[in-house]
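Report on the structure
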Amino acid sequence: PQVAGVQAQGCAALGNVCYGTDAAAFARRQRTADAGGIEAIVAALQAHPQVAGVQQFGCWALGNVCFGSDAAARARRQRAVIAGATEAVAGAMQAHPGDAAVQRHGQR
């Protein structure tokens, strides 16, 4: 988690993998969570609070991993809260008030 550019690209990759509304996307979200993706995204956000790219892609990835309205999505959101996502996203939005992408993805 020491190289910000790697973390930003990793978050972007996880966000892309979890994007979509079809059944395959829902399965990819769960696989990402099961593999520790939520915790990895939160760790990236926490490790690089002043790097807007990490914050933008981290917030976007969390939104995609946690998307859904079924019980599994609710469990992923709870897992994100336990991992510290609420504080990490709030911190991202506070640290980058003028960055539209961070603000947009942080509000999801």
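I will try to describe carefully the structure that is included in this document. (Residues numbered from 1 in each chain as written. Predicted model: local features only at pLDDT ≥ 70, side-chain atom pairs only at ≥ 80, totals over all residues. Heavy atoms only, no water.)

Turning next to the environment of R79. With respect to the secondary-structure elements, R79 resides in helix 5 (residues 71-83). The class for R79 is partly exposed, based on a relative accessible area of 28%. As for R79 and G53, which are separated by 26 residues in sequence, their C-alpha atoms are 23 Å apart. Not counting the four nearest positions on each side in its chain, R79 is found in contact with A33, D34, G36, I38 and E39. Side-chain polar atoms of R79 contact the side chain of E39, separated by 2.7 Å. (Helix = DSSP H or I, 4+ residues; strand = E, 2+ residues; numbered from the N terminus. Buried < 20%, exposed > 50% of the residue type's maximum accessible area, 1.4 Å probe, protein only. Contact = heavy atoms within 4.5 Å. Polar contact = N/O pair within 3.5 Å; in protein donor to acceptor, adjacent residues only side chain to side chain.)

Right, let's get into the packing of helix 3 (residues 37-47) against helix 5. Following both chains from N to C, one finds helix 3 and helix 5 inclined at 35 degrees, their axes separated by 9 Å at the closest point. For the crossing formed where helix 3 meets helix 5, the hand is right-handed. Facing I38, E39, V42 and Q46 of helix 3, the residues of helix 5 in contact are R76, R79, A80 and A83. Here the residues of the contact of helix 3 with helix 5 sort into 4 nonpolar, 1 polar and 3 charged. (Axes fitted to C-alpha atoms, helices over the stretch in contact; angles between N-to-C directions. Left-handed = near helix turned anticlockwise from the far one by under 90°. Nonpolar A, V, L, I, M, F, W, Y, C, P; charged D, E, K, R; others polar.)

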